[in-house]
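Chain residues, written in single-letter form:
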Amino acid sequence: MEAGDATAGALVGNDGEGQKEETAKKDTAPKKDEPQGKSGFEKIFGFRKEDLTSWNSLVTLLNRPTDPASLGIFRCLFGLLMAIDVTQERGLSHLDYKYLDGAPVCRFPLFNFLQPLPLDWMYLVYVVMFLGAVGIMLGCLYRLSCLMFISTYWYIFFLDKTTWNNHSYLYGLIGFQLTLMDGNRYWSIDGLRRPSIKNAHVPLWNYTLLRIQIFIVYFIAGVKKLDADWVEGYSMSYLAHHWLFDPFKVILPVELVNLLVVHGGGLILDLSAGYLLFFDVTRSFGIFFVSYFHCMNSQLFSIGMFSYTMLATSPLFCYTDWPRRFFGRFPEFLRAVLPLTSDPADIQPSTSCVYSEVQSTNTERQETPPVAKAGKLRLKHKLGAIFTVLYIVEQLFLPYSHFITQGYNNWTNGLYGYSWDMMVHSRSHQHVKITYKDGKTGEIGYLNPGVFTQSRRWKDHGDMLKQYATCLDQFLPRYNITDPEIYFDIWVSINERFQQRIFDPRVDVVKADWSPFRPNTWLMPLLVDLSPWRTKFQEIEGSLDNQTEIVFIADFPGLHLENFVSEDLGNTSIQVLQGTVNVEVVEEKKNYTLQPGEQIKVPAGAYHKVYTVSEEASCYMYIYVNTTEAALQENFTKLFEIQERVRNGTETEPLPPELQPLIAADNDDGAEVNATDPIVQLFLKRQRRMKEVKKRREAGILQRIDRFAVKKYYTIRRGFLMTAIAMRNLAVGLPPLEQLTREIEFANLKEPQADGSQEDRLKDEVGHGEL
């Protein structure tokens, strides 16, 4: 709510004859008795303190007539962005890869009874969602379009928890809000079909809900960033190395860019953005900073339409008639296709709003100034106010409701999505092992991590791990494994801490108890007491050369880590930082006890076990050199030197046949050249890749736009062609297999000179950088 809304609708009587009442006011009220100007409070907040003193006055305030222009423009932009989102992040372009119709796939719905429909019917679901988004954009059959969009959107959302993120949750909330709002009163097809609603007032609560929703997104995200890991710069430290922050590196070292710009700037922006957008004095600064922030995010992360959706919400905080003033500056001949630019006084009254009745009393001794009296409150007005209050309370409560849904709490609280803890936690996985035990024979075996699923997020969430284990329990009997017991040994580092277990590896998750309302008993605690070691990590890593790598491990008393050292890692050692460990080299059948500061070299190409034998948690680190990679880099350096000598004419001896491709590749300007030697082949492939990267980075703006447009064209093209095939299948049945194969090959047509596999391109399209 703002000052601009106070004058958004003229005081119109119930009979709609506003002009007559304006004349009556002028005739009955002498100049000396004209109402005084607004109070300072009303100028700042857009309403009076008295509007909050009673329920009726609050209902009147929330149903105050307001210009529909800003809401109509937002409705159009939101529908457009959601229509694009259907083909992108919702997955229409790769729906057949996502659902794998008929294949044994483990899925992770919010409710276990939810299952995807057959593939062709899933395409129909997406068609309904897409048409709903287009209908919202056009304001055509508005309520029906909103229902089409949100019903299918929430079905797809609940169908797969592994794709949840905050912005996908936000899209569903906004779609739900628009369903209840009068978003089709401005620049809509419905307005052309029904002149009675064209350019008609909307109640103020329509704007209030959207503004407070966006305020909550920013502010709660800022409150979540008050977490110590964010404040100390551990959550997103890798972002400081991105080219977008290069201007800051001119005056600051990368460490301060990470601490002050990435983390400090993100914290301050989230906490202040809602306030900056709310008040007239600071709004221009707020729009500038949030626009800069979201434009950066669009380049930093693969988050689909989120950045553009948030950009579209910023004008909601402006005066509600801004589209009339903005489009009023366009040439006259464009007015026919642009939104209305008529005067706000010409807005039609609406039964959805409460209008003030201006009355004046006249006694024998004196005349009193006009008095604004609230119109009659109807049931729909009260319901709108009740919904507004309850919705705001619910949105403020949900991010802190994790004490109820305790089963979804892991190291971070709650179902990822409604907490607005955006980017607060980053994770890396070092070791994942799935062990099964045949319940009948006792045979023990191992499964490839991620078998029967396309997702990786089950590794961090106990509820998904339980679903995954249950699914494996159903699939493994097909492979002659009876009554399997499933054990998970998953090692995770969160915000640059030690790699440690997140779940108890001794628990059979198939039979383990899990409830959404009780804490997960087989979740291992996060070793927060070891967090100060992160400063020491940086010192240790800074003392190593470029070829030496290091992994920091922490483990619980009584547990052990079984590890295999690849033959590529020819120089691997274990050094203890805290506690006592016993290292067992399996092949040698020897045990070595290590105290803090001691280390031992472990053989490559063999298993070893590290037991924690101290009463406290042990901390140790693996120090290793990838000798194969180091040798490869050395060979690459020699090949590059030879190539340079040939190029400069300083090579005096003829090259052997296996090195001749170096000359051919140089003459062919990076074109693919056949090479028999595998080292030379890898070297040339690497050079081609580096040239392509350099070419892309140095491309002009038009080339970048062209590349982006071509990529999106083929992505969207595939989605619509596959949808057309599915609709035909539903309408007339499946065609012959040969015809279907040709149709799918045509849909899979790749862009000219495209590099990489279909899987790589799909990964680029649907990658979730926020997760």
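Anyway, here's the lowdown on the structure attached to this text. (Residues numbered from 1 in each chain as written. Predicted model: local features only at pLDDT ≥ 70, side-chain atom pairs only at ≥ 80, totals over all residues. Heavy atoms only, no water.)

1. Section: the overall build of the protein
Argument step 1. Counting secondary structure elements, the protein contains 26 helices and 16 strands.
Argument step 2. A buried classification covers 48% of the 771 residues belonging to the protein.
Argument step 3. Put simply, 72% of the contacts in the protein that link residues at least 6 apart link residues at least 24 apart.
Argument step 4. Carbon and sulfur atoms make up 58% of the accessible area of the protein, which totals about 38800 Å². (Helix = DSSP H or I, 4+ residues; strand = E, 2+ residues; numbered from the N terminus. Buried < 20%, exposed > 50% of the residue type's maximum accessible area, 1.4 Å probe, protein only. Contact = heavy atoms within 4.5 Å. Areas by Shrake-Rupley, 256 points an atom, 1.4 Å probe, with all protein chains shown as cover.)

2. Some points on a nonpolar patch on the surface
Argument step 1. On the surface, Trp55, Leu379, Leu383, Ile386, Val389, Leu390 and Val393 cluster together into a nonpolar patch covering about 660 Å² of accessible area.
Argument step 2. Among the elements that line the nonpolar patch, the one with the most residues is helix H18 (residues 379-397), at six residues.
Argument step 3. Residue placement: Trp55 occurs in helix H4 (residues 55-62).
Argument step 4. Among the residues examined, Trp55 registers a relative accessible area of 39% and is labelled partly exposed. (Patch = residues over 30% accessible without salt bridge, like charges linked within 9 Å, V, L, I, M, F, W, Y side chains within 5 Å. Salt bridge = Lys/Arg side-chain N within 4 Å of Asp/Glu carboxyl O.)

3. Regarding helix H16 (residues 306-313)
Since one α-helical turn is 3.6 residues long, residues separated by three or four positions face the same way.
Argument step 1. With six of its eight residues buried, H16 lies for the most part within the structure.
Argument step 2. For H16, the full list of buried residues reads Phe306, Ser307, Thr309, Met310, Ala312 and Thr313.
Argument step 3. The secondary structure elements touched by the buried residues of H16 are helix H5 (69-87), helix H9 (166-180), helix H11 (204-224) and helix H15 (280-300).

4. Describing the pattern of salt bridges
Argument step 1. With the rule as written, the count across this model stands at 28 salt bridges.
Argument step 2. Of the charged contacts, one joins Asp229 and Arg534 as a salt bridge, the two residues approaching to 3.0 Å between their closest N and O atoms. Taken together, the residues span a long stretch of sequence, with Asp229 in helix H12 (residues 228-231) and Arg534 in helix H20 (residues 533-542) at a distance of 305 residues.
Argument step 3. Its salt-bridge partner being Arg696, residue Glu692 comes within 3.2 Å of it at the nearest N-O pair.

5. Regarding the sheet that holds strand E5 (residues 427-437)
Argument step 1. Pairing within the open sheet is antiparallel, and its four strands lie in the order E6-E5-E7-E8. Strands at the two margins of the open sheet, each flanked by one partner only, are strand E6 (444-447) and strand E8 (500-501).
Argument step 2. Examined bridge by bridge, E5 and strand E7 (residues 485-494) share 10 bridges and lie antiparallel to one another. Bridge pairing in E7 places His431 opposite Trp491.
Argument step 3. Taken strand by strand, helix H19 (residues 462-475) contacts E5, E6 and E7, and its axis lies near 150° from that of E7. (Pairing = 2+ DSSP bridges. Axes fitted to C-alpha atoms, helices over the stretch in contact; angles between N-to-C directions.)

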